[in-house]
Amino acid sequence: MSVLSVKDLSISYQTDSGPLQALRGVSFDIDDNNIVGIVGESGCGKSTLIGSIIKLLDNNAIVEKGEIFFQDKNIISLSDDDMKDILGVDISVIFQDPMQAHNPVLTIGQQMIDIQYRDKKSKKQKQNHAIEMLQLVGMPDPESRIYQYPHEFSGGMRQRIAIAMALMVKPALLIADEPTTALDATLEVQIIQKLKELQKNIHCSILFVSHHLGVIAELCDEVIVMYAGEIVESGSVRDIFHRPKHPYTQALFACDPGRILEKSKELPTIEGEIPNLINLPKGCIFKDRCSQRIDRCDDEIPSTHQIKNTHMAKCHLLAREQK
Amino acid sequence: MKKNSELQIIFKHLMRDPLGMIGFFIVMIIFLSAIFADWLVPYDPIQLNIKDRLQGPSWSHLLGADQLGRDTFSRMIMGGRVALQVALPTIFGAVSIGLILGMIAGFGPRWLDNIIILFFDTLRSFPTVMFALAVVALVGPSLSTVVFIIIATSIPTYGRVVRTQTLSIKSSEFILAEKSMGASTVRILRVHVLPNILGPIAVLVAMDIPTIIGLEAGLSFLGMGVRPPTPSWGVLLNDGYSLIRNTPWLIIAGGIPLILTTLGFTFLGESLRDVIDPKLRGKKR
Amino acid sequence: MTPLLKVENVVVRFPLQGSFIQSLGFGSASLIEAVAGVSFTLKEGQTYAIVGESGSGKTTLARAIAGLHHADEGSIQYKGNELCQLPEKGFKKYRKDISMIFQDPFGCLSPRLSIKSIITEPFQIQKMKDKDLDAEAKRLLSMVGLPADFATRYPYQLSGGQARRVGVARALSLNPKLIIADEPTAGLDVSIQGELLNLLVKLQNDIGLSFVVISHNLNIVKHISDKMGIMYLGRFVEEGLTDEIFKHPKHPYTFSLLSASPEPDPDAKIDRVELLGDPPSIMHRPKGCEFHTRCPFVKEKCKIEIPKIVYPEQSQAYSCHYSL
């Protein structure tokens, strides 16, 4: 049973120089109780993807085609009012910058009580629920700290409060957009551990976006690799990390300094830049930076090849293999 | 090269905004009529012509004549020049002083900032009309008196905006980078702070010009501004006020241009503001 | 051989926001020590990494070395010349030798200036009127691997990696000997981090540059630094050769930092040393060993007694009562 099902989603932005094709043919599912990670670098389209799921895209965005099914509703055709009934109830979001995630003039307690406005509980009950959640995320002494203001907390604490607020409503889907990127490594691991525990407790699904490979490997069950608006590879976390098949995924892993165990003074990189998304090149989107390019890549867009079970990649080289 | 493309961007944006275009045209008309007033006026605006007094509109006097036979149309056109003669030096003076004081306040040491703010607040606390009365009583009314009064009361407005903008830039990393290269404070203010704060100032100026023109008209209306026979829209309004039963055209000749000027500059200013903001947003990535 | 850079017991203090009276110069506001006594040396042609998390004081230390903050105590010697307490006039000649690369690739570039103006700014500041700025801009751009036509572009037209390289080009303009790089890979995608680091290493090999690199990313530090210092609450808790520290960390904080990077391998079993709680604020420094509030191996002695600095080797140092 899928909590979220994205089918063939294509979104472009209107610009002065023509339509910028930010997402092209993106399809994936998030099952119940699963943590799905999206790995991608700048320009891969993950912000657009998240924006389309929560219906907060820029004014100049056009959904060219595709559907996003959340439980059984198509988000694309949902009205803004109906979307408001879902956001903050069934779908929660955590963003990257914990320093700006909260209203600076309200206490944490007030904010955590406010977001329970749909519940018909008494204020005391709402407060207790807030305290419970703060304990769950590992905040010491929550009974007195709910009277404090956001600026009295450190970045790591603020992110934990954001997680508490997001999970308070026991959503079916939690979307986390680079939630640990702004935190130090020692805090990052704490937050990841907490997320793992909470996910087991609450049985929600998580869509976790990050460019930090280690975090994805530690947290996620399934992984999607995005490049310049397309999904180039997807599969279980072991498939992706142990047997990456797409040249971009392989190159990306090779670049991760954490993986390079021997000290080397020349670090691998991926030469070049992402292509212009207004004037899309013919053929494979990764061809100009691919070290394993063949002739076919120049003109033909590769189709998605199934490697095994849920492991898929969009590359011509796989067609050869399968033959 | 850069300045050209910036103007091009601004113009392109203006063309898309109908109100902006209207504002732009009105402002152009006012400037052109002020510059070419000497050729546009059918009569010398201060020339008396008693036998034509209080005539209604006709082919020889498009908007009629006032109680001394002076052509209303000519006085209206010349009034535009007077309005700009007040507005432009005032803006120049207020902006220059505001820029200097504001940048020093924003960038300099705390104690200097406190003193300058005290100065701004003191200036601001004088009600404009009382201040004008006092100055006029001391020096007598004239065009330069009006300019002086309005500069003095406008300095705090510009100064504060400049200060706020400077403060927000002061802690930017590129200012730190300049300091790390040993740039002097003057250089930093001139090359790095000033260009980045001119945008909001330009918008403020566009929105302020009608206010200043209105202030001049008000002061002249009260008899504290330009001395007769200099035609200003405020003087026309004053004359028209007492002659309203004889001819409504004086009030029209004084009031309509004021309204149009206010509308024109306001539309232009608002359109400019839209250009400045998203441009900045686009630049910060 | 005089080391290129010798930092000794540097202390940098900041006043907390005082009252209006204090801002006029009367009375003294309370002070916090962002850098509380740091020492290290850097030889020519080497790279020294200062590692720490937010609030450790590493950026303040970097800025003190670059002459952006006054060091309240201690000494910073460049080629034997004392830099501390130098007035700006005296420091100006060292600005040719010591330059800085900043953390935010876009934030450090003046938004309304062209790239050419930005990278030739040091020439203008130093009033070098006889320089052909166009030629210099071309030379600097090619040193960092950017095409010459970038000279007429503006910062908003660049990608993160390109903007970062413009910052490097600017830092190279006066032929410095020492570059201080504050988080050189922050904000860069993993696939292009290597590009920037390789560039820095190449510059070091080609023109003999020395670097002080500030980073919280140990993975980067491992590859490009010769020596490193781990900062906590304004002090080094461990210091020495990079290879040694990675193989045999002595201080619990070093150990937890090293184990904190999640492995990009879902099956990796990590012996993680998890720290307790949050970092304390420098306004309320813990008594005894300042790390004791978070140390998973804390003992009674740690809460009372400040550990002395231990020197197991000539180039190693750490401060802990019970090393690992």
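Here the structure is a predicted model, which means the values were calculated and not measured.

With respect to the overall build of chain C
Along its length, chain C carries eleven helices and eleven strands. Compactness check: chain C gives a C-alpha radius of gyration of 21 Å against a globular reference of 20 Å for 324 residues, within 12% of the reference. Dimensions along the principal axes, computed over C-alpha positions, put chain C at roughly 65 × 60 × 40 Å. Residues counted as buried form 48% of the 324 residues belonging to chain C. Considering only contacts within chain C whose residues lie at least 6 apart along the sequence, 63% involve residues at least 24 apart.

Things to note about the environment of K93(C)
Note on placement: K93(C) falls in the loop between α3 (88-92) and β6 (98-101). Remark: the alpha-carbon pair of K93(C) and Q126(C), spanning 33 residues in sequence, is separated by 8.9 Å.

Regarding the pairing of strand β9 (residues 227-232) of chain C
The side chains of a regular strand alternate between the sheet's two faces. Residues and elements named next belong to chain C. Within β9, six of the six residues are buried, which leaves the element mostly enclosed by the surrounding structure. Of the strand pairs in this sheet, strand β3 (residues 47-52) and β9 are connected by five bridges, and their pairing is parallel. Among the inter-strand pairings, V51 is bridged to a residue of β9, identified as I230. Across six bridges, β9 lies against strand β10 (residues 235-241) in antiparallel orientation. Among the inter-strand pairings, G229 is bridged to a residue of β10, identified as E239.

Things to note about the interface of chain C and chain B
Of the residues lining the interface, 22 residues belong to chain C; the matching set on chain B comes to 20 residues. Here the side of chain C that touches chain B gets three residues from one element, more than from any other, and that element is helix α4 (residues 115-125) of chain C. For the side of chain C that touches chain B, the per-class residue count stands at twelve nonpolar, five polar and five charged.

A few points about the interface of chain C and chain A
Taken together, the contacts link 30 residues of chain C with 36 residues of chain A. Among the secondary structure elements, those contributing two or more residues to the side of chain C that touches chain A are α7 (190-207), α8 (218-224) and α10 (252-260) of chain C. Among the residues making up the side of chain C that touches chain A, the classes are represented as eleven nonpolar, eleven polar and eight charged.

What to know about the sheet that holds strand β12 (residues 311-314) of chain A
All names here are of chain A. The eight strands lie next to each other as β6-β7-β8-β3-β9-β10-β12-β11, forming an open sheet whose pairing is mixed. Looking at which strands have only one partner, the edges of the open sheet turn out to be β6 (91-94) and β11 (304-308). Taking the axes of each pair of neighbouring strands and ignoring which way they run, one obtains an average angle of 20° across the sheet. Across four bridges, β11 lies against β12 in antiparallel orientation. Paired with H305 across the two strands is A313, which belongs to β12.

Things to note about the packing of helix α4 (residues 72-107) of chain B against helix α9 (residues 185-221) of chain B
All names here are of chain B. Between α4 and α9, the shortest axis-to-axis distance is 8 Å and the interhelical angle comes to 145°. Viewed along their axes, α4 and α9 form a crossing whose handedness is right-handed. Across from A83, V86, A87, T90, I91, V95, M103 and F107 in α4, the residues of α9 making contact are T185, L189, V193, I201, V205, D208, I209, I212, I213 and E216. Grouping the amino acids of the contact of α4 with α9 by side-chain chemistry returns 14 nonpolar, two polar and two charged.

Comments concerning the sheet that holds strand β5 (residues 81-82) of chain C
Two pairing modes exist for strands in a sheet, parallel and antiparallel, and in both the strands are linked by backbone hydrogen bonds. Residues and elements named next belong to chain C. The sheet built from four strands is open, its strands ordered β2-β1-β4-β5 with antiparallel pairing. The strands lining the two open edges of the sheet, one partner per strand, are β2 (31-42) and β5. Relative to β5, strand β4 (residues 73-78) runs antiparallel, the two being bridged by two bridges. The residue bridging Y78 from the neighbouring strand is N81, located in β5.

Overview of the pairing of strand β2 (residues 18-31) of chain A
Examined bridge by bridge, strand β1 (residues 2-15) of chain A and β2(A) share ten bridges and lie antiparallel to one another. Looking at the pairing, L4(A) lines up with I30(A) of β2(A).

Some details on helix α6 (residues 160-172) of chain C
Residues and elements named next belong to chain C. For α6, which comprises 13 residues, the first-to-last C-alpha distance of 19 Å matches the rise-based estimate of 18 Å (1.5 Å per residue) to within 8%. Most of α6 is tucked away: twelve of the 13 residues are buried. Among the residues making up α6, those that are buried are G161, Q162, A163, R164, R165, V166, G167, V168, A169, R170, A171 and L172. Contacts made by the buried residues of α6 are with β6, α4, α5 (133-143), β7 (178-182) and α7.

Brief notes about the environment of D189(C)
Mapped onto the elements, D189(C) comes out in the loop between β7 and α7. Sequence spacing of D189(C) and G161(C) is 28 residues, and the spatial spacing of their C-alpha atoms is 8.2 Å. Those residues in contact with D189(C) that lie beyond four places of it in its chain are E41(A), S42(A) and H211(A).

As for the confidence of the model for chain C
Across chain C, the average pLDDT comes to 85, with 95% of residues at or above 70. Note on the complex model: pTM 0.82, ipTM 0.81.

Some points on helix α8 (residues 173-180) of chain B
Residues of α8(B) that are buried: F174(B), I175(B), A177(B), E178(B) and S180(B). Considering only its buried residues, α8(B) is in contact with α7 (143-170) and α9 of chain B together with β6 of chain C.

Notes on unusual backbone geometry
All names here are of chain C. Despite not being glycine, N9 shows a phi value in the positive range, around 50°. Topologically, N9 is positioned in strand β1 (residues 5-15). Using a count of 13 C-beta atoms within 10 Å as the deciding quantity, one classes N9 as partly exposed. A positive phi angle is found at Q85, which is not glycine, with a value near 65°. Along the chain, the position of Q85 falls in the loop between β5 and α3. Judged by C-beta crowding, with 11 C-beta atoms within 10 Å, Q85 ranks as exposed.

Focus on the packing of helix α10 (residues 247-255) of chain A against α7(C)
Direction vectors running N to C along α10(A) and α7(C) enclose 45°, while the axes themselves pass 8 Å from each other. Judged by the inter-axis angle, α10(A) sits oblique to α7(C). Both α10(A) and α7(C) take part in a crossing whose hand is left-handed. Residues A251(A), L252(A) and C255(A) of α10(A) lie in contact with α7(C), whose contacting residues are V190(C), S191(C) and G194(C). Along the lines of polarity and charge, the residues of the contact of α10(A) with α7(C) split into four nonpolar, two polar and no charged.

Rules and cut-offs
- Residues numbered from 1 in each chain as written.
- Chains lettered and ligands numbered in written order.
- Predicted model: local features only at pLDDT ≥ 70, side-chain atom pairs only at ≥ 80, totals over all residues.
- Helix = DSSP H or I, 4+ residues; strand = E, 2+ residues; numbered from the N terminus.
- Rg over C-alpha atoms; globule rule 2.2 N^0.38 Å.
- Buried ≥ 20, exposed ≤ 12 C-beta atoms within 10 Å, placed from the backbone.
- Contact = placed C-beta atoms within 7 Å.
- Pairing = 2+ DSSP bridges.
- Nonpolar A, V, L, I, M, F, W, Y, C, P; charged D, E, K, R; others polar.
- Axes fitted to C-alpha atoms, helices over the stretch in contact; angles between N-to-C directions.
- Left-handed = near helix turned anticlockwise from the far one by under 90°.
- Expected span 1.5 Å × (residues − 1).
- pLDDT = per-residue confidence, 0-100.
- Parallel < 35°, antiparallel > 145°, perpendicular 65-115°, else oblique.

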